[in-house]
Amino acid sequence: MIFIAIVIGCVIGAVIGIFTPMIPYTYSGYLAIAIIAALDSVFGGIAATLNKNFDLKIFVTGFFGNAILSILLSYLGQKLNVDIYLAAIVVFVGRMFNNLGIIRRYYLTKWENARAKKEQNVSEKAE
Amino acid sequence: MEGVKKNKIISAIKGIAGTKIIMCVIISVICIVLFAVMFMQFKTVEETDITAIENMRETELRTAIAEWKGKYEEAVEQLEANKKTITEYEKTIEENGETSELVDKDLEESNMKLGKTDIYGEGIVITLSNTNEYTIDTFDLIDLINELRYAGAEAISINDVRILGSTFISQPQDGLTIIGGQRVASPFVVKVIGNQTYLSSSLSLKDSGYIDRNRARGMQVVLEAKNNIQIPKNTTDREINYMKEGEN
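Predicted model, so just to flag it, every value in this text is computed and none were measured. (Residues numbered from 1 in each chain as written. Chains lettered and ligands numbered in written order. Predicted model: local features only at pLDDT ≥ 70, side-chain atom pairs only at ≥ 80, totals over all residues.)

Chemist: Can you explain the pairing of strand E7 (residues 188-193) of chain B? Please cite residues and give values.
Modeler: Residue and element names in this part refer to chain B. With six bridges joining them, strand E1 (residues 119-129) and E7 adopt antiparallel strand pairing. Considered in E7, the bridge of Gly123 is made with Ile193. For strand E2 (residues 155-158) and E7, the ladder comprises four bridges, and the chain directions are antiparallel. Following the sheet pairing, Ala155 is matched in E7 by Ile193. (Pairing = 2+ DSSP bridges. Helix = DSSP H or I, 4+ residues; strand = E, 2+ residues; numbered from the N terminus.)

Okay, structure coming up:
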């Protein structure tokens with residue numbers, strides 16, 4: 001059910017995004033930061049689900065809060081003439097890789113466990 | 001007891017289902033937001049000419065915009081100034097057109113007065129002829145010209161020789177009359193352009209008028225009024241060698 005919701009949401013979002021007007025190039029940088037922050041939250045959510053400590057409140061607040069905060073920080077950096085968005089990208093992308101690593105390791109261990117079980121079954125049958 | 005347990009279980013299931021539905025809705029909303037923003041960004045990045053602005057910082061772009069704005073304003077100012085000068089030129093051209101029209105009119109009038117163009121108009125024609133009793137001499141002609149000018153003649157010709165201020169009438173020997181360098185002889189056809197009534201009445205004054213006086217002396221004088229008298233232009237051209245404009 002959740003997967004259906006995700007697919008439907010993605011399709012509707014893509015359609016909306018295609019048919020909305022273009023945003024000015026000046027603001028597209030902020031939007032990119034917001035997207036990176038949101039993606040980080042999504043991967044964090046997936047990792048949390050796999051670790052069985054997923055909390056919807058944390059996920060939603062993290063999703064919107066990180067996006068808005070990253071935009072505000074980038075804006076502040078623009079005003080201060082410091083490229084704060086670089087720091088934001090480093091942090092978010094680093095966390096994204098971390099989460100991806102967690103996901104990868106989870107599925108890897110799962111797969112290895114499954115194989116070990118199969119081998120055990122085969123050896124038991126052989127005996 | 002069993003019923004209460006059942007109710008509890010149902011409500012728990014409902015609660016789980018409710019939270020699940022809420023979760024689904026929230027996650028789909030989040031997906032919608034994320035993908036909408038992502039596709040907006042894709043489109044923006046794709047459609048913006050990045051190669052031109054890629055290396056430019058926003059501040060640089062801002063200064064560039066400011067520069068272009070300044071240039072634009074300058075251009076607009078120049079355009080307005082040019083428009084102003086154009087209207088001024090147009091005004092002066094109009095004025096010049098008026099003055100040149102006046103000058104043209106003056107020139108035309110002067111040319112007519114100086115006899116440089118063929119002219120026509122209403123007036124009278126007087127024909128003077130010799131008779132056996134009387135031979136016309138230059139003084140008769142000069143007298144007539146004076147009378148006609150007194151009566152307001154605008155243009156006079158004798159035998160199609162235009163009479164101007166500079167035209168001379170001489171009689172170097174008997175029977176030879178020269179007007180403005182051309183030989184003329186009786187009958188003298190004097191064409192006059194001017195007010196017909198003034199001209200004819202001043203010539204036809206009883207006894208003292210030109211016609212009566214000369215008829216009494218035996219000259220043949222015929223006067224007729226005509227509406228379309230044509231006088232050719234004066235062909236002689238006097239060069240100016242000695243006189244100069246202004247005071248010495």
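Chemist: I'd like a rundown of the interface of chain A and chain B, residues and numbers included.
Modeler: Contact residues are listed per partner, giving 28 residues for chain A and 26 residues for chain B. Of all the elements in the fold, those that place two or more residues in the side of chain A that touches chain B are helix H1 (2-19), helix H2 (25-50) and helix H3 (56-80) of chain A. At twelve residues, H1(A) tops the list of elements feeding residues into the side of chain A that touches chain B. (Contact = placed C-beta atoms within 7 Å.)

Chemist: A description of the sheet that holds strand E6 (residues 182-184) of chain B should follow, citing residues and the corresponding values.
Modeler: Pairing between the strands of a sheet comes from backbone hydrogen bonds, and it takes one of two forms, parallel or antiparallel. All names here are of chain B. Pairing is antiparallel in the open sheet, where three strands are placed in the order E4-E5-E6. Strands at the two margins of the open sheet, each flanked by one partner only, are strand E4 (169-173) and E6. When strand polarity is set aside, the average angle formed by the axes of neighbouring strands in this sheet is 40°. Judged from the three bridges that link them, E4 and strand E5 (residues 176-179) form a sheet pairing that is antiparallel. Its bridge partner being in E5, Gln173 is matched across the sheet by Leu176. Strands E4 and E5 of the sheet are contacted by helix H4 (residues 138-150), whose axis makes an angle of about 175° with E4. (Axes fitted to C-alpha atoms, helices over the stretch in contact; angles between N-to-C directions.)

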